[in-house]
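Overview (structure and organization)
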Amino acid sequence: MFTRTTLRTFRTSRSHVTRAFSASATPIAAASNSRLINATLFAAAGVAAAVLAGASSSSASTTTARCDAAATAADPPVYGRPGTNQERTFIAVKPDGVQRGLIGDIIARFEKRGYKLVGLKMVWPTLHMAEEHYADLRKKPFYPGLTKFFSSGPIVCMCWEGKDAIKQGRQMLGETQPLASKPGSIRGDYSIDLGRNICHGSDSPEGAEHELTMWFPEGVSNWAKTVDSHVYE
Ligand code: IDP
Ligand code: MG
């Protein structure tokens, strides 16, 4: 179900996101676009919860997924709360990482580390979106090639939450230059060339705010992770 929905969304995403990021449009189209995937994920979570409930009907602690439409005033902004356990970072699998089948591995690394995935969707960026995303690099000579490549195919957008998520995310990615990245890091394990370093991660709280606001205008899912007491002391 997830795959079919993703593909359907993928085919229409270019027109949706173009509108969403044009100067005059509000992000409504992008919101409905990615809500489609979010809703599907929630549906899947609901099925899982139902299965769990059936397997253990005596459990009083069974929780169900809460729709993100039910966000409360206590929820953090989409870019989280830097310096707390609700710090958030924007991690993306770039077009080369998607083509090379590395989505699952990259997600798994953050998941296994203990971070919480609060936003996830596939988007085929327009050139304009790529330029917005890398706006801080617009004066660099490689900017045209970088933005052209970043908009050459779908990327996977993620919002990860947890203590020190921005800095730790960067360390998990490795160095910008793959050849300088240590084995064990994502870039050190899977990439060689600078322009094909497969993943992106916010480099600062300001960067995370810019990127998460841009890529998740519809917001993310503020869910409670029940195992957090086994991740944080
Ligand atoms: P980052 O991705 O580690 O944050 P940035 O300096 O923000 O690195 O650059 C964004 C991306 O631009 C890099 O991930 C890399 O793919 C590409 N890039 C950076 N420097 C160069 C360069 O000198 N030549 C070609 N591409 C570069
Ligand atoms: Mg950067």
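Everything numeric in this text was worked out from a predicted model, so none of it was measured.

Another aspect to go through is the overall build of the chain. Regarding its fold elements, the chain presents 9 helices and 4 strands. Reading the secondary structure of the chain in the N-to-C direction produces α-α-β-α-α-β-α-α-β-α-α-β-α. For the chain, the residues scored as buried account for 45% of the 233 residues in total. Sequence-distant contacts in the chain: of pairs separated by 6 or more residues, those separated by 24 or more amount to 75%. As displayed, the chain has an accessible area near 12300 Å², and 58% of this comes from carbon and sulfur atoms.

So, on to the environment of aspartate 136. Mapped onto the elements, aspartate 136 comes out in the loop between helix H5 (127–133) and helix H6 (143–150). Taking the C-alpha atoms as reference points, aspartate 136 and glycine 207, 71 residues apart in sequence, are found 9.4 Å from one another.

Looking only at helix H7 (residues 165–173), the buried set comprises Ala165, Ile166, Gln168, Gly169, Met172 and Leu173. At its buried positions, H7 is contacted by strand S1 (88–93), helix H4 (103–113), strand S3 (155–161), helix H8 (186–190), strand S4 (199–201) and helix H9 (205–215). Glycine 174 lies just past H7 and shows a positive phi near 100°.

With that out of the way, let us pick up a negative patch on the surface. A contiguous patch of negative charge, built from Asp136, Asp203, Glu206 and Glu209, is present on the exposed surface. Topologically, glutamate 209 is positioned in helix H9.

Once that is clear, we can look at the packing of aromatic side chains. Scanning the model with the defined rule gives 5 aromatic pairs in all. Where tyrosine 134 meets phenylalanine 150, the ring centres are 5.1 Å apart and the plane angle is 75°; that geometry is what we call edge-to-face. Pair noted here: tyrosine 134 is in the loop between H5 and H6 and phenylalanine 150 is in helix H6, with a separation of 16 residues, a long-range link. Taken as a pair, tyrosine 134 and phenylalanine 150 share a single burial class, namely buried. One residue, lysine 116, lies across the ring of tryptophan 223, its end atom 5.6 Å from the ring centre. Between the NZ or CZ atom of arginine 196 and the centre of the ring of phenylalanine 149, over which it lies, the distance is 3.8 Å.

Rules used throughout
Residues numbered from 1 in each chain as written. Chains lettered and ligands numbered in written order. Predicted model: local features only at pLDDT ≥ 70, side-chain atom pairs only at ≥ 80, totals over all residues. Heavy atoms only, no water. Helix = DSSP H or I, 4+ residues; strand = E, 2+ residues; numbered from the N terminus. Buried < 20%, exposed > 50% of the residue type's maximum accessible area, 1.4 Å probe, protein only. Contact = heavy atoms within 4.5 Å. Areas by Shrake-Rupley, 256 points an atom, 1.4 Å probe, with all protein chains shown as cover. Patch = residues over 30% accessible without salt bridge, like charges linked within 9 Å, V, L, I, M, F, W, Y side chains within 5 Å. Salt bridge = Lys/Arg side-chain N within 4 Å of Asp/Glu carboxyl O. Lys, Arg positive; Asp, Glu negative; His and termini not counted. Charge placed at Lys NZ, Arg CZ, Asp CG, Glu CD. Phe/Tyr/Trp six-rings, centres within 6.5 Å; stacked < 30°, edge-to-face > 60°. Lys NZ or Arg CZ within 6 Å of the ring centre and 35° of its normal.

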